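Architecture and fold: a report
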Amino acid sequence: YGCVSLESINIPDGVTKIDTYAFAYCYALASVTIPNSVTKIEEYAFIDCNSLKTVYYTGSEEQWNNITIAQYNNYLTNTTIVYNYKG
């Protein structure tokens, strides 16, 4: 964590969990692409990612709503989510 110059990340298909503190304190992170294989996002995974503007999600809104998103991921959950993203 603490990747202060990272501006975007494309999480590979097949990843099922985003670990605790995975992108914590990545202040420049503006966009993240999350595959529909992700079923859990651990607490603090995106804490203080205050530049995060867009989440590109490869699944549907219903699939997104079924992801277990732990607490302290407000910047992730309070941003624009683009569903059914094809890249």
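Before reading on, note that the structure itself is shown above.
Quick summary incoming for the structure in this document. (Residues numbered from 1 in each chain as written. Predicted model: local features only at pLDDT ≥ 70, side-chain atom pairs only at ≥ 80, totals over all residues. Heavy atoms only, no water.)

Focus on the packing of aromatic side chains
- Under the definition given, this model contains six aromatic pairs.
- Ring centres of Tyr 21 and Tyr 44 lie 5.0 Å apart, and the angle between their planes is 5 degrees; on these two criteria the pair is classed as stacked. Of this pair, Tyr 21 sits in the loop between strand 2 (17–18) and strand 3 (31–34) while Tyr 44 sits in the loop between strand 4 (40–41) and strand 5 (54–57); the two residues are 23 residues apart in sequence, bridging distant segments of the chain.
- On the basis of relative accessible area, Tyr 21 is assigned to the partly exposed category, the value being 33%.
- Considering the side-chain rings of Phe 23 and Phe 46, the 5.2 Å spacing of their centres and the 25 degrees angle between planes classify their relative orientation as stacked. With a gap of 23 residues between them, Phe 23 in the loop between strand 2 and strand 3 and Phe 46 in the loop between strand 4 and strand 5 connect regions that are remote in the sequence. In this structure, Phe 23 and Phe 46 share a single accessibility class: buried.
- Ring-pair connections join several aromatic residues into one group, and the members of that group are Tyr 21, Tyr 44 and Tyr 72. (Phe/Tyr/Trp six-rings, centres within 6.5 Å; stacked < 30°, edge-to-face > 60°. Helix = DSSP H or I, 4+ residues; strand = E, 2+ residues; numbered from the N terminus. Buried < 20%, exposed > 50% of the residue type's maximum accessible area, 1.4 Å probe, protein only.)

Brief notes about the pairing of strand 3
- Across the two faces of strand 3 the burial is the same, with Ser 31 and Thr 33 and Val 32 and Ile 34 all buried.
- Pairing of strand 1 (residues 8–10) with strand 3, which is carried by three bridges, proceeds in the parallel orientation. Paired with Asn 10 across the two strands is Thr 33, which belongs to strand 3.
- With four bridges joining them, strand 3 and strand 5 adopt parallel strand pairing. Considered in strand 5, the bridge of Val 32 is made with Val 55. (Pairing = 2+ DSSP bridges.)

Some words on the nonpolar core
- Formed by 19 residues in total, the largest nonpolar core has its most connected members in Ile 18, Ile 34, Ile 41, Phe 46 and Leu 76.
- Of all the secondary-structure elements, those providing two or more residues to this core are strand 3 and strand 5. (Core = buried A, V, L, I, M, F, W, Y, C linked by side-chain atoms within 4.5 Å.)

Here we look at the sheet that holds strand 4
- Taking strand neighbours across the sheet as the criterion, the three strands line up as 2-4-6 in an open arrangement whose pairing is parallel. Strands at the two margins of the open sheet, each flanked by one partner only, are strand 2 and strand 6 (68–69).
- Pairing of strand 4 with strand 6, which is carried by two bridges, proceeds in the parallel orientation. Across the sheet, Ile 41 pairs through a bridge with Ile 69, a residue of strand 6.

These results come straight from atomic positions and should not be treated as a statement about function.
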